[in-house]
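# Coordinate inspection notes
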Amino acid sequence: MKNILILIIFIFTSVVTLAQSYDPSKINKKAVALYNQAMERADDGSFTNAAGLLQQAIETDKNYIDAYLALAGIYSKIKNYTSSAANFEKAFAIDSNYTLDYKLAYSIQLAGSGEFEKAWGAINELLAKKPPKNPTSLESALKRKRSYEFALEYSKNNPYKNYVFAPQNLGSGVNSGEPEYFPSLTIDGKDLVFTRRLNHFNEDFFSSTKTNSGWEKAKPLNGNINTPQNEAAQNISQDGQWLVFTAINRPDSYGNFDLYISYLTAQGWTEAGNLGGIVNSDQWDAQPCLSSDKKDLYFASRRFGGFGGSDIYISHLKPNGRWGEPENLGGSINTPGDDQCPFIHADNQTLCFTSNGWQGYGGNDLFYVRKGYGGTWSKPVNLGYPINTIDDEGTLFIAADGKTAYYASDRSDSRGSHDIYTFELPENVRARKTLWVKGMVSDKKTGKGLSSSVELTDLASKQTVSNVQTDGSGNYFMTLPVGKDYAFTVNQKGYLFFSDNFLMADRPPDSVYEKNITLQPIEADANVVLKNIFFDVNKFELKPQSQVELDKLVQLLNENPTLKIEISGHTDNVGKPADNLLLSNNRAKAVVSYLVSKNIAAQRLGSKGYGETKPVADNKTEEGRAMNRRTEMKVVSQ
């Protein structure tokens with residue numbers, strides 16, 4: 001009888017010798033019959049019926065310890081941790097010796113409801129009074145003790161103690177009686193793509209669009225991406241144009257699980273293509289995620305040569321359009337355990353993943369790391385309780401606002417085994433809020449779209465944040481993490497580069513941008529405003545943030561060795577005209593001096609200050625005056 005109980009609650013402990021104070025043979029026979037019926041119902045998976053029969057058995061005989069323990073096991077199975085712990089406690093109150101082996105199971109239920117201090121006390125009692133003799137059971141107990149100690153330490157240093165974890169079901173527009181999981185969204189938050197398992201077997205992709213009244217009824221993705229075979233673990237690119245996913249045992253696969261990609265067309269999603277033998281191996285390759293600029297592909301793999309079970313890898317898109325050899329993210333992220341489910345946020349700096357190798361709460365926990373300068377990753381940080389629990393956590397998707405998260409769970413209000421939920425992240429684990437800019441690059445003379453390089457650079461660190469290529473029609477899409485100041489430049493051989501900036505460090509905007517850009521062919525009298533040349537008020541010393549733009553100008557001159565230019569300085573009309581003329585002349589000279597210091601021949605360079613004589617906007621407003629305070633570059637000859 002007791003062995004049956006142990007199997008139900010999945011605790012592998014040795015059978016204990018019955019204490020004299022509790023004699024199962026003296027239990028009321030009617031209660032025993034009810035108990036046996038309950039065990040049959042539990043074996044059939046009818047846990048609700050089993051729980052009802054056990055309640056009747058307890059009402060028939062209040063001292064029926066095995067019935068309390070079995071009921072605790074049933075509640076544990078359906079994740080009602082509070083009721084499970086309460087029934088364990090009733091059994092302990094009757095006979096603490098007979099029930100000592102169940103302290104491990106009891107501790108797990110306490111931890112499941114967040115009572116880590118009591119759980120730690122229960123496991124210590126077991127280890128002190130009767131440590132398991134079976135090595136596997138002993139290691140299980142010690143592992144749980146370590147997880148409880150981690151939870152207590154995390155709680156002590158918890159920076160968001162008042163945080164309320166309140167996941168909201170996305171509703172019947174998204175969720176159904178079938179399981180839904182692996183949510184991913186476009187950067188505007190309007191299109192949700194997820195996996196749905198149909199008829200307990202076939203996995204297909206569905207999408208739902210967000211409206212003012214909620215999520216519309218989900219439909220299968222248009223086109224040829226869904227097949228009679230399984231496709232799952234998908235990620236849609238931030239611009240909504242690419243979809244990467246995992247498929248199993250297809251004719252063109254290299255292993256049992258491979259990575260595939262599909263593209264959005266006017267006719268819907270294309271038939272998926274295998275990402276090839278460079279990316280895929282003959283082992284398990286799955287759970288892909290694209291960076292916001294579509295230059296990096298993160299995924300999990302069990303290929304040989306890793307740190308343990310599954311590791312997280314990255315493959316970079318090369319200029320020829322092919323994916324490069326996958327690189328293991330290294331021991332700062334990967335462990336001898338399973339590290340998987342990578343998600344890179346739209347800020348291209350925050351990476352979330354699951355791991356059972358880093359210390360956590362029990363199973364697979366969610367962690368995050370931040371990418372620093374030079375591409376190094378910070379130490380993984382556990383997202384903490386109650387986001388992480390004693391159970392296995394799955395994929396997490398964080399929206400562009402950095403705080404709204406989506407995940408799949410089988411909570412009590414789910415419509416199927418797993419539904420998709422949304423919740424708000426605590427302050428300290430949020431990603432950087434990310435806006436975006438999109439538009440078209442074209443030739444100023446012909447209006448024809450240009451294939452160009454669009455680059456975003458952190459003005460403070462001078463690090464390139466993103467570098468994207470326009471499509472064949474000149475269209476581009478780029479993300480803008482707020483909180484920093486950026487230089488925005490567009491380059492194409494044979495044209496003057498375009499520059500602009502997004503100053504978001506002090507006044508983060510709340511809107512997105514559409515910026516259509518015209519590039520001027522390099523020819524005499526063509527000119528461009530250098531928008532990322534910065535000076536202090538009434539000063540002519542170049543500020544450090546100007547280096548990004550100046551180096552672009554150096555690059556242009558090196559690529560066009562016969563090009564001669566003039567740098568001109570301009571001011572607003574505040575102050576004396578003579579002072580403004582002198583200031584503008586000195587500022588133009590400062591730019592030329594920098595170019596000469598970078599080995600640009602002085603005879604190729606000219607400078608002139610125009611003061612306030614050539615305004616491009618009305619000086620009556622601060623916005624207009626800011627436009628008039630500018631540095632320009634004009635082509636003198638090629």
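## Thoughts on the layout of surface pockets
The calculated volume of the largest pocket comes to roughly 1,500 Å³. Every residue lining the largest pocket is counted, 39 residues in all, and those nearest its centre are N501, L503, F534, A626 and R629. Elements represented by at least two residues in the lining of the largest pocket include exactly strand 28 (498–503), strand 32 (564–570), helix 10 (577–597), helix 11 (622–628) and strand 34 (630–637). In terms of residue count, the dominant contributor to the lining of the largest pocket is strand 28 (four residues). When grouped by side-chain class, the residues that make up the lining of the largest pocket number 18 nonpolar, eight polar and 13 charged.

## Thoughts on the pattern of salt bridges
Counted by the stated rule, this structure contains 27 salt bridges. We note a salt bridge from R302 to D338, for which the minimum N-O separation is 3.1 Å. Separated by 36 residues along the polypeptide, R302 in the loop between strand 13 (296–301) and strand 14 (311–316) and D338 in the loop between strand 15 (327–328) and strand 16 (339–344) bring together distant segments of the chain. A relative accessible area of 34% means that R302 is categorised as partly exposed. Ionic pairing is found between K552 and E455, a salt bridge with its closest N-O pair at 2.7 Å. With a gap of 97 residues between them, K552 in helix 9 (residues 547–559) and E455 in strand 24 (residues 453–458) connect regions that are remote in the sequence. When its relative accessible area of 10% is taken as the criterion, K552 is described as buried. A relative accessible area of 11% means that E455 is categorised as buried. Connected via shared salt-bridge partners are D572, E622, R625 and R629.

## Here we look at the nonpolar core
Core analysis: the biggest nonpolar cluster contains 93 residues, and L54, Y64, L396 and F423 have the highest contact counts within it. The biggest single contributor to this core is helix 4 (residues 65–77), with nine residues. L553, L557, V591 and V592 belong to the second largest nonpolar core, which has 26 residues in total.

## Points about empty space enclosed by the protein
Evaluated as defined, the whole model comprises two cavities of 30 Å³ or more. Computed from the structure, the largest cavity encloses a volume of approximately 130 Å³. Residue lining of the largest cavity: 15 residues in total, with F182, Q234, P288, P342 and T395 positioned closest to the centre. Those elements that place two or more of their residues in the lining of the largest cavity are strand 2 (180–185), strand 7 (231–236), strand 12 (285–290), strand 16 and strand 20 (396–398). Across the lining of the largest cavity, the residue classes break down as ten nonpolar, five polar and no charged. Empty space within the second largest cavity amounts to approximately 40 Å³. Every residue along the wall of the second largest cavity is listed here: N235, I236, S237, Q238, C289, L290, S292, F343, I344 and F397. Every element with two or more residues in the lining of the second largest cavity is listed here: strand 7, strand 12 and strand 16. Looking at the lining of the second largest cavity residue by residue, the classes come out as six nonpolar, four polar and no charged.

## Observations regarding unusual backbone geometry
A cis amide bond, omega 15°, links Y385 with the succeeding residue P386. Unusually for a residue other than glycine, N199 sits at a positive phi of about 55°. Exposure remark for N199: the relative accessible area of 64% places this residue in the exposed category. A positive phi angle, close to 65°, is found at H200, a residue other than glycine. Tracing the chain through its elements places H200 in the loop between strand 3 (191–198) and strand 4 (202–211).

Conventions adopted
Residues numbered from 1 in each chain as written. Predicted model: local features only at pLDDT ≥ 70, side-chain atom pairs only at ≥ 80, totals over all residues. Heavy atoms only, no water. 1 Å grid on protein atoms, 1.4 Å probe; cavity = no way out; pocket = protein on both sides within 12 Å on 5 of 7 lines; lining within 4 Å. Points joined across faces, edges and corners; volume = space filled by probe spheres on them. Helix = DSSP H or I, 4+ residues; strand = E, 2+ residues; numbered from the N terminus. Nonpolar A, V, L, I, M, F, W, Y, C, P; charged D, E, K, R; others polar. Salt bridge = Lys/Arg side-chain N within 4 Å of Asp/Glu carboxyl O. Buried < 20%, exposed > 50% of the residue type's maximum accessible area, 1.4 Å probe, protein only. Core = buried A, V, L, I, M, F, W, Y, C linked by side-chain atoms within 4.5 Å.

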